[in-house]
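Observations on the model geometry
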Amino acid sequence: MVEWKKLGEVATIKRGERITKANLIGNADYPVISGGVSPLGYIDKYNRNANTITVAQYGTAGYIDLQSSKFWANDVCYSVFPERVVINKYLFFVLKNQQDYIYTLRTNAIPAHLPQKELLNVDIPIPSLSEQNRIVSILDTFTASIDNLKAQIAQRRKQFEFYRDQLLDLEGKDGVEMKTLGELFSFKNGLNKGKEFFGRGRPIIMFSNVFNSRFIISSMIKNKVEITDKELERIDAKFGDVFFTRTSETKEDVGYSSVLLEDIGECTFAGFLIRARPLTNLLVPSYCKYCFTTPQVRRTIVDNSSFTTRASLTGAGLGKVSIPLPPLSEQHRIVSILDTFEASISNLESQLEQRQKQYEYYRNQLLTFD
């Protein structure tokens, strides 16, 4: 027998206490939770214990989480404290299963706001405590597996970054030349068109394609733009072209790169990008996936950008950046090693995606009561 009650009948909701960015401490122990996905920062005191359910009140309003450690609940963070009739972890799973519905309870204001009275009115199924414990045990098995995969991915990424930086630390080594990008590429800014030209026409590489991936293939390009043959001839994209983001809100995020690893045909690229087209055959295209991502090269790219209200990068600035250029055979060897790491990470990410889908399926099945 399952009884349904309002959240306000089985739990108490409390708002946190205000902490501003000025109060944050860089190396403190306790995260400041405003309810969102990431902490606002850290502080040296806490007002909530571990395993407290939190719900964002503003911004990411309605986002539900279970805090794994002691933390400071900020004034825009709801904390949920269940009564004896409901187990804390069970209540978290129930609320998380209703995440999409809870999002619909937000106001249309900017920023979005979740009124406490709406949250208190959410319906909660209350089976017996033994059944709640059974459900928690099953779902905890899934979440433990998910956490384990996340830890493996994080560890594998650290390994990848270590070997990438070691393999590409080539300056001064035999057979390696340091070349400026100005010696290796010509540069061109992308296409600027009004929004009325988008949605039809020829494929276009967008800012997000470059910012989110070190390489681009045809299946990643979802956007289209209407352009003339003359425009395409002037601003096209070909296999081996490297694209750089030329503007950003912060200097640290400018100049991200991605190399086109397929000849798509009749493809162009967006205005917030710079195309670097190879002038020589000295670079293996896949080597470009990695050589622009090392800390040293990233610092040099950032140093050659400018910042006023936004960070910006030009072809002239990129042209001053130097990269190590080993023989083609060594480039292929480096790519082979790093591709192996990337394939391993991709496999783990696929496993994680599948396990998360399984978890969500069983959570929904276990928490759907007729």
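Anything mentioned here points back to the structure above.
An account of the accompanying structure is given in this report. (Residues numbered from 1 in each chain as written. Predicted model: local features only at pLDDT ≥ 70, side-chain atom pairs only at ≥ 80, totals over all residues. Heavy atoms only, no water.)

A short note on the overall build of the protein
The secondary structure content of the protein amounts to 12 helices and 22 strands. For the protein, the spread of C-alpha atoms along the three principal axes comes to 75 × 50 × 45 Å. Within the span of the protein, comprising 370 residues, buried residues form 44% of the whole. A total accessible area of about 19,300 Å² is found for the protein, and carbon and sulfur atoms account for 49% of it. With 46 positive and 42 negative side-chain charges, the protein shows a separation of 3 Å between the mean positions of the two kinds. (Helix = DSSP H or I, 4+ residues; strand = E, 2+ residues; numbered from the N terminus. Buried < 20%, exposed > 50% of the residue type's maximum accessible area, 1.4 Å probe, protein only. Areas by Shrake-Rupley, 256 points an atom, 1.4 Å probe, with all protein chains shown as cover. Lys, Arg positive; Asp, Glu negative; His and termini not counted. Charge placed at Lys NZ, Arg CZ, Asp CG, Glu CD.)

Quick notes on the sheet that holds strand 4 (residues 41-43)
An order of 4-3-7 is seen for the three strands of this open sheet, with the pairing classed as mixed. Lying at the two open borders of the sheet, with one neighbouring strand each, are strand 4 and strand 7 (72-73). Strand direction decides the pairing type here: strand 3 (residues 30-33) and strand 7, joined by two bridges, are parallel. Counterpart to V32 in the pairing with strand 7 is W72. (Pairing = 2+ DSSP bridges.)

A closer look at the side chain of K179
Looking at the element boundaries, K179 is found in strand 10 (residues 177-180). On the basis of relative accessible area, K179 is assigned to the buried category, the value being 18%.

Quick look at the sheet that holds strand 12 (residues 198-205)
Taken together, three strands build an open sheet; the order of strands is 14-12-18 and the sheet is mixed. Both outer strands of the open sheet, strand 14 (224-225) and strand 18 (268-269), are each paired with one neighbouring strand and no more. One ladder, built from two bridges, connects strand 12 with strand 18; its direction is parallel. Pairing of I204 across the sheet is with T268, part of strand 18.

What to know about unusual backbone geometry
One non-glycine residue, N51, lies in positive phi territory at about 65°. Among the structural elements, N51 can be located in the loop between strand 4 and strand 5 (53-56). Phi is positive for E266, which is not a glycine, with a value near 50°. Tracing the backbone shows E266 in the loop between strand 17 (257-260) and strand 18.

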